[in-house]
Amino acid sequence: MERPVKDGILYVQHCKFGKRSWRKVRAQLFAASPSGVARMEKFDVRDDGTALEKTSLRRCARRVIRLSDCVSVGPAGTESCPKATAAFYLTTTEKSYVLAAEQRDEWIAQLCQLAFQGAKATVQSSARTQPSPAVPMEENSLYSSWQDLTEFLVLVVRTDAAARCGLHGHYLLSALPQSLTLKDPQSHQPLLTWPYPFLRKFGQDQTIFSFEAGRRSDSGEGTFTFSTPRAPELCRAVAAAIACQQQGKDAPDPRLFCAPDPQLSTQGLESQPWGPGAEEPQPSPPLGGAQPAS
């Protein structure tokens, strides 16, 4: 019989009609073994907050998250959490979760070990089978972290512009040096591109990132909204890329992503958080007198 490597109470955030709420669950983490894959299993708890007994735990509905599908795990410090807890996000290839726990750092560390340690060991094992190069070489940690800083798994929130372009479900949104690019999450093939000079404005509100495209963009004008736990990072990545275009640099310095800069703005395009209830914002009129840069 499999034994969980971690067992405890978590809170799962749900968003309905723009209102966020938390549901208490019991979660168990299992390592990969001959009898099962690495995974998180979630069970409901009683209304009084006590966990279900082991006998009934086997019979109640359970939800399984395969950790092999995990894309990223990390703290989400801006969330309003239940008492004595802290929030963190768990992003898979199919869904993004915002969770809260009393021992947040322990959950994050255990999830990272189960989700990514096996893949790292496989890569290292494969590397050992290759002939050694004449010159000693080390991995460039800056290169490996660049994609993490600029590529985000997002969920499309329905807007008129998104419906017109046939967008629904999960995608990868990349904040490239010259443009925002929407990619297929499986093949990583570009689907839509928005050069920064064709964006009228952009901003984020907690787990929502939104921008207004001008009429000269490939998608046509309209507002596009995406849900992601890393919305603040995505907004800072866009602001940093725009700042580099203004300064004539090829690519932004990753250190620019560490903290927001209120001075990052350009003509016809400004960083501006969307107000509360912005899960489905309406397209805004063009900014008065501001024309997109050519």
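On a predicted model such as this, the values are computed, not experimentally measured, just so you know.

Visitor: Please clarify how the overall build of the chain should be interpreted in this entry.
Guide: A tally of regular secondary structure across the chain gives five helices and 16 strands. With 294 residues in all, the chain has 42% of them scored as buried. A separation of at least 24 residues holds for 51% of the contacts in the chain among residues at least 6 apart in sequence. Surface exposure of the chain reaches about 16,700 Å², of which carbon and sulfur atoms provide 50%.

Visitor: Could you clarify how one ought to interpret the side chain of threonine 181 in this entry?
Guide: Within the secondary structure, threonine 181 sits in strand β10 (residues 179-183). In terms of polar contacts, threonine 181 uses its side chain to reach the side chain of serine 179, at 3.5 Å. Other than its neighbours up to four places away in sequence, threonine 181 contacts Leu172, Leu173, Ser174, Leu176, Pro190, Leu192 and Thr193.

Visitor: I would appreciate a short explanation of the nonpolar core in the present structure.
Guide: When a protein is soluble and globular, its nonpolar side chains tend to lie buried together. Ranked by size, the top nonpolar core spans 29 residues in total, and within it Leu173, Leu180, Trp194, Phe209, Phe211 and Val238 carry the most contacts. In terms of residues, this core owes the most to one element, helix α5 (residues 231-247), which gives eight residues. Phenylalanine 209 has contacts with Leu173, Leu180, Phe202, Gly203, Gln204, Phe224, Thr225, Phe226, Ala231, Leu234, Cys235 and Val238, leaving out every residue within four places of it along the chain. If you look at the next biggest cluster of nonpolar residues, it comprises 21 residues, including Leu10, Ile65, Val73 and Leu99.

Visitor: Honestly, the packing of aromatic side chains in this entry has me stumped. Any pointers?
Guide: Each pair of aromatic rings is reported with the distance of its centres and the angle of its planes. Summed over the entire model, instances satisfying the criterion amount to five aromatic pairs. Each ring, one from phenylalanine 209 and one from phenylalanine 211, has its centre 6.1 Å from the other, and the planes form 45 degrees; the classification is tilted. Overall, phenylalanine 209 belongs to the buried group, its relative accessible area being 0%. Ring geometry for phenylalanine 211 versus phenylalanine 226: centroids 6.2 Å apart, planes at 25 degrees, classification stacked. With a gap of 15 residues between them, phenylalanine 211 in strand β13 (residues 208-213) and phenylalanine 226 in strand β14 (residues 222-227) connect regions that are remote in the sequence. You'll find phenylalanine 211 and phenylalanine 226 in the same group, each marked buried. Through a chain of ring-to-ring contacts, the aromatic side chains of Trp194, Phe209, Phe211, Phe224 and Phe226 assemble into a single cluster. Its end group placed over the ring of tryptophan 107, lysine 6 keeps NZ or CZ at 5.1 Å from the ring centre. Stacked on the ring of phenylalanine 30, the Lys or Arg arginine 39 has its end atom at 4.3 Å from the ring centre.

Rules of the game
- Chains are numbered independently. Their residues run from 1 in the order of the written sequence.
- With the structure being a predicted model, the display of local features is reserved for residues of pLDDT at least 70 and the display and counting of side-chain atom pairs for 80 or more, all residues being used for whole-chain, interface and lining totals.
- Side-chain calculation: all heavy atoms of the structure are included, whereas hydrogens and water are not.
- Secondary structure elements are defined from DSSP: runs of H or I of at least 4 residues count as helices, runs of E of at least 2 residues count as strands, and each element is numbered from the N terminus.
- Exposed residues in this analysis have more than 50% of their type's maximum accessible area, buried residues have under 20%, and partly exposed residues fall in between, with area computed by a 1.4 Å probe over protein chains only.
- The criterion used for residue contact is that any of the two residues' heavy atoms lie within 4.5 Å.
- The Shrake-Rupley method, run with a 1.4 Å probe, gives the accessible areas here. Residue values count only the displayed protein chains as cover.
- We define a polar contact as two N or O atoms separated by no more than 3.5 Å, with the added condition that, inside protein, one atom must be a possible hydrogen donor and the other a possible acceptor, whereas residues neighbouring each other in sequence contribute only through side-chain atom pairs.
- Take the buried residues of types Ala, Val, Leu, Ile, Met, Phe, Trp, Tyr and Cys, join any two whose side-chain atoms come within 4.5 Å, and each joined set is a nonpolar core.
- Two rings from Phe, Tyr or Trp (for Trp, the six-membered ring) form a pair when their centres sit within 6.5 Å of each other. Planes less than 30 degrees apart are called stacked, planes more than 60 degrees apart edge-to-face, and all others tilted.
- Counted as over-ring charges are cases with an Arg CZ or a Lys NZ within 6 Å of the ring centre that also lie within 35 degrees of the ring normal.

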